[in-house]
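Residue-level listing of the chains:
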Amino acid sequence: MQLRMRDDLKAKAQELASEQGVSLNSYINATLAATIAQSETLVMMGDRLSNVDREQLHVRVLKFMSKTQGGTEPTPAEIERAVSGE
C-alpha cells in the first residue's frame, strides 16, 4: 500500500518513530491502531452512558474522588513485586 503525506509530516513521524526505536511503518501502524481504539472506546462509552443521569453520575464521581488519597506512584519494581506476590 502506498501512502502519500506531506514532507513535514513524514519527517516528524520519522523523528517520533526513531525516538521510540521503531520503524516508520511500525509507528504508523501503532498510531493508527491507537486512534481506532480510542474512537471505538468513545463510541462504546457514549452508548453505555446514553441512558445515564449525568448529574447523578457527576455526584457519584465526586463522592468517589473525595475518598481517594494522594501519594506517590509505585515504581515498576513495586508493581512487579505486587503482581508476583513477593
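Check the entry above for the structure.
Sequence order as written defines residue numbering, which begins from 1 separately in each chain. For a predicted model such as this one, the threshold for reporting local features is a pLDDT of at least 70, and the threshold for listing and counting side-chain atom pairs is 80 or more; totals across whole chains, interfaces and linings nevertheless cover every residue. The basis for every side-chain value is the complete set of heavy atoms in the structure, and neither hydrogens nor water enter the calculation.

*Asks:* Kindly report on the overall build of the protein chain, identifying the contributing residues and their values.
*Replies:* By definition, any uninterrupted DSSP run of H or I lasting at least four residues is a helix, any uninterrupted run of E lasting at least two residues is a strand, and each is numbered from the N terminus. Counting its secondary structure elements, the protein chain contains 4 helices and 0 strands. Its C-alpha radius of gyration of 21 Å places the protein chain more than 25% over the 12 Å reference for a compact globule of 86 residues. C-alpha extents for the protein chain along the principal axes are approximately 50 × 45 × 20 Å. When accessible area is computed with a 1.4 Å probe and restricted to protein chains, residues below 20% of their type maximum are described as buried, those above 50% as exposed, and intermediate ones as partly exposed. The buried share among the 86 residues of the protein chain stands at 3%. Accessible area for the protein chain stands at about 8100 Å²; split by element, carbon and sulfur atoms hold 55% of it. Computation of the radius of gyration draws on C-alpha atoms alone. For the globule rule, the value is 2.2 Å times the number of residues to the power 0.38. Note that accessible areas follow from Shrake-Rupley with a 1.4 Å probe, and for residues the cover is restricted to the protein chains shown.

*Asks:* Which residues make up the environment of methionine 44, and what values do they have?
*Replies:* Examined against the element boundaries, methionine 44 turns out to sit in helix 2 (residues 24-49). In this structure methionine 44 comes out as partly exposed when scored by relative accessible area, which is 36%. Taking C-alpha positions, methionine 44 is 30 Å from alanine 17, a pair spaced 27 residues apart along the chain.

*Asks:* Quick rundown of the pattern of salt bridges? Include the residues and the values.
*Replies:* What counts as a salt bridge is simple: a side-chain nitrogen of Lys or Arg found within 4 Å of a carboxyl oxygen of Asp or Glu. This model, assessed by the stated rule, comprises 2 salt bridges. Note that aspartate 8 and arginine 6 form a salt bridge whose closest N and O atoms lie 3.0 Å from each other. Here aspartate 8 falls in the partly exposed class, since its relative accessible area comes to 48%. You can call arginine 6 exposed: its relative accessible area is 54%. A salt bridge links lysine 12 to glutamate 15; its shortest N-O distance comes to 3.6 Å. Here lysine 12 and its partner glutamate 15 are both found in helix 1 (residues 7-20), 3 residues apart, which amounts to about one turn of the helix. Residue classification places lysine 12 among the partly exposed residues on the basis of a relative accessible area of 42%.

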